[in-house]
Amino acid sequence: MSLLYFLVQQMMLFSIPLLIVALRGMFCERSGVINIALEGIMVLGGFAGILFINLFQGVLPGQPILLIALLISMVTGMVVSLVHAYASVNMKANQSISGTAINMFAPAFAIFVARVIRNVQQIPFENQFRIEKIPVLGDIPVIGGMFFQNAYITTYLGILILVVSCVVLYKTRFGLRLRSCGEHPQAAASVGISVYKMRYMGVLISGALAGIGGLVYIIPTSTSFNASVSGYGFLALAVLIFGQWKPGKILLAALFFGIMKTISSAYSGIPILADFGIPSSIYKMIPYLATLIVLALNTKGSQAPKASGVPYDKGAR
């Protein structure tokens, strides 16, 4: 039973960042803007949050400093996403090139700033954020051991973001307008909806969630930051496509890839897998092989929301 608890806890640690960042991509592409800068925004958001933790960890206690760091990562992601929004919406630039530029810029900028401020490339931090057991909930048989022991507050934040995303996208006027600007922008502009404004909002929301996702990935998996999120931004793109740009399916896709990532990183602790004698490099390839297979099988059955350079909206800016 302890092995089951361990596997579920590890799966959640890997799945939640994928869920958050894939939801980020959903908001952006539902508004009609392609954003492949997930990796870069995760790097910069994670960098800002970890740098804050490194500077103030001796001053503030564990959970409050993590919450402030999440807020800083969110704001950083929004600022970076504004660059992509301006290039894509106002300048009508190629959205893939804009996203690629951010992906290339982010790690170099993070390393440069880390060396200038802290004279090191890897920014260390002390992981004081794991919650050993939540009172009452942690005592529930089976469920308590899986979800309310040895957990992080970021896990529950991810679930909250999923619920809020579902409500915002399908139960609010804002969500309806956002989807209409991505699917039928001419029709939206004809009834007075500002396509420019809604697409900016979609990109800003996506930047906020990607920034948070970067820090959420780093905190449970490392004790230092080296301007990398191990390709999680690109893996989140696969989750977004596999989930067909819908919150419920994105959750299932994130859990699937979380299981694959758990197998690749914790295979030595699983007796059946450890006894096979398969080289570790093979296990580490599993999430990415699964990505290729899933996307190959899923390509014909899914279609991305339309994205364009916004040639309308002349009277509703």
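This text gives an overview of the structure that appears in the document. (Residues numbered from 1 in each chain as written. Predicted model: local features only at pLDDT ≥ 70, side-chain atom pairs only at ≥ 80, totals over all residues. Heavy atoms only, no water.)

### Quick look at the overall build of the protein
Selection rule: Helix and strand definitions follow DSSP, with helices as H or I runs of at least four residues and strands as E runs of at least two, each counted in order from the N terminus. Only the C-alpha atoms count toward the radius of gyration. The rule for a globule is 2.2 Å times the residue count to the power 0.38. The classification of residues rests on relative accessible area computed with a 1.4 Å probe and restricted to protein chains. Under 20% of the type maximum is buried, over 50% is exposed, and intermediate values are partly exposed. Any pair of residues with heavy atoms lying within 4.5 Å of one another is described as a contacting pair.
Of the regular secondary structure elements, the protein holds 13 helices and four strands. Radius of gyration (C-alpha) of the protein: 20 Å, near the 20 Å computed for a compact globule of 317 residues. With the principal axes as the frame, the protein shows a C-alpha extent of 60 × 45 × 40 Å. Counting over 317 residues, the protein shows a buried share of 51%. In the protein, the proportion of contacts linking residues at least 24 apart, taken out of those at least 6 apart, comes to 77%.

### Focus on helix 13 (residues 280-298)
An α-helical turn contains 3.6 residues, so any two residues separated by three or four positions project in the same direction. Inclusion rule: One less than the residue count of a helix, multiplied by 1.5 Å, gives the span that helix is expected to have. Note on bend: the value at a residue is the angle between axes fitted to the seven residues ending there and to the seven starting there.
Compared with the 27 Å implied by 1.5 Å per residue over 19 residues, the 28 Å span of helix 13 between its first and last C-alpha is a close match. Roughly 40° is the biggest bend found in helix 13, and it falls at Ile286, with proline Pro287 one to four residues downstream. Those residues of helix 13 that fall on the buried side of the exposure criterion are Tyr283, Pro287, Ala290, Thr291, Val294 and Asn298. Along its buried surface, helix 13 packs onto helix 10 (232-242), helix 11 (247-266) and helix 12 (271-274).

### Quick look at helix 3 (residues 62-90)
Between the first and last C-alpha of helix 3 there are 41 Å, a value that for 29 residues agrees with the 42 Å anticipated at 1.5 Å per step. Where helix 3 ends, the next residue or the one after it, Lys92, has phi of about 55°, a positive value.

### Comments concerning the packing of aromatic side chains
Note the threshold: Ring geometry is summarised as follows: Phe, Tyr and Trp rings, the Trp one being its six-membered ring, pair when their centres sit within 6.5 Å, and such pairs are stacked at plane angles under 30 degrees, edge-to-face over 60 and tilted between the two.
Counting across every chain of the model gives eight aromatic pairs. With 6.4 Å between their ring centres and 35° between their planes, Phe47 and Phe225 make a pair best called tilted. In this pair, Phe47 sits in helix 2 (residues 38-56) while Phe225 sits in strand 4 (residues 224-225), placing the two residues 178 residues apart along the sequence. Overall, the relative accessible area of 6% leaves Phe47 in the buried class. Consider the rings of Phe256 and Phe257, whose centres lie 5.2 Å apart with planes at 75°: the pair is edge-to-face. Owing to a relative accessible area of 29%, Phe256 belongs among the partly exposed residues under this scheme. Given the relative accessible area of 0%, Phe257 is considered buried. Connected via pairs of aromatic rings, a cluster forms that spans Phe242, Phe256 and Phe257.

### Quick word on the pattern of salt bridges
How we decide: Within this document, salt bridges are pairs made up of a side-chain nitrogen of Lys or Arg and a carboxyl oxygen of Asp or Glu, the two lying within 4 Å of each other.
Counted under the stated rule, the structure contains two salt bridges. We note a salt bridge from Arg30 to Glu183, for which the minimum N-O separation is 3.2 Å. Taken together, the residues span a long stretch of sequence, with Arg30 in helix 1 (residues 2-30) and Glu183 in helix 7 (residues 173-183) at a distance of 153 residues. Of the residues examined, Glu183 reaches a relative accessible area of 34% and is grouped as partly exposed. With a shortest N-O distance of 2.8 Å, Asp139 and Lys133 are connected by a salt bridge. Overall, the relative accessible area of 51% leaves Asp139 in the exposed class. Accessibility expressed as a relative area gives 43% for Lys133, which makes it partly exposed.

### Thoughts on a nonpolar patch on the surface
Basically, it comes down to this: Exposure above 30% relative accessible area and no salt bridge define the residues that can form patches, which grow by joining like charges within 9 Å and nonpolar side chains of Val, Leu, Ile, Met, Phe, Trp and Tyr within 5 Å. Surface accessibility follows the Shrake-Rupley procedure with a 1.4 Å probe radius. Residue values consider only the protein chains on display as shielding.
A cluster of nonpolar residues, Ile272, Phe276, Ile278, Ile282, Met285, Leu289 and Leu292, forms a patch on the protein surface that exposes about 690 Å² of accessible area. With four residues, the single largest contributor to the nonpolar patch is helix 13. Note that Ile272 resides in helix 12.

### Looking at the nonpolar core
Inclusion rule: Remark: nonpolar core denotes a set of buried residues (Ala, Val, Leu, Ile, Met, Phe, Trp, Tyr, Cys) joined through side-chain atoms within 4.5 Å.
One finds Ile50 and Ile219 to be the most contacted residues of the largest nonpolar core, which totals 74 residues. Per-element accounting of this core gives the leading share, 14 residues, to helix 1.

### A short note on the side chain of Arg199
Selection rule: Here a polar contact is recorded for every N or O atom pair within 3.5 Å, except that within protein the pair must consist of a potential hydrogen donor and a potential acceptor, and residues adjacent in sequence are included only if both atoms are side-chain atoms.
By the element assignment, Arg199 lies in helix 9 (residues 195-221). Exposure remark for Arg199: the relative accessible area of 0% places this residue in the buried category. A polar contact of 2.8 Å, which involves the side chain of Arg199, links it to the backbone oxygen of Ser31.

### Considerations on the packing of helix 1 against helix 6 (residues 153-171)
We count it as follows: The axes are straight lines fitted to the C-alpha atoms, using for helices just the contacting stretch, and the angles between their N-to-C directions are given from 0 to 180°. Any angle from 65 to 115 degrees is called roughly perpendicular, while one under 35 is roughly parallel, one over 145 is roughly antiparallel, and all others are oblique. Note on convention: the crossing is left-handed when the near helix lies turned anticlockwise from the far helix by less than a right angle, right-handed when the turn is clockwise.
Running from amino to carboxyl end, helix 1 crosses helix 6 at an angle of 25°, the nearest separation of the two axes being 9 Å. By the criterion of interaxial angle, the relationship of helix 1 to helix 6 is roughly parallel. Where helix 1 crosses over helix 6, the two elements pack in a sense that is left-handed. Touching Met12, Ile16, Leu19, Ile20, Leu23, Met26, Phe27 and Arg30 of helix 1 are Thr154, Thr155, Gly158, Ile159, Ile161, Leu162, Ser165, Val168, Leu169 and Tyr170, all from helix 6.

### As for the environment of Phe27
Position of Phe27 relative to the elements: it lies in helix 1. The buried category is assigned to Phe27, whose relative accessible area is 4%. Residues Phe27 and Lys284, spaced 257 residues apart in sequence, show a C-alpha to C-alpha distance of 30 Å. Setting aside chain neighbours within four positions, we find Phe27 in contact with Ser165, Val168, Leu169, Leu178, Gly202, Ile205 and Leu209.

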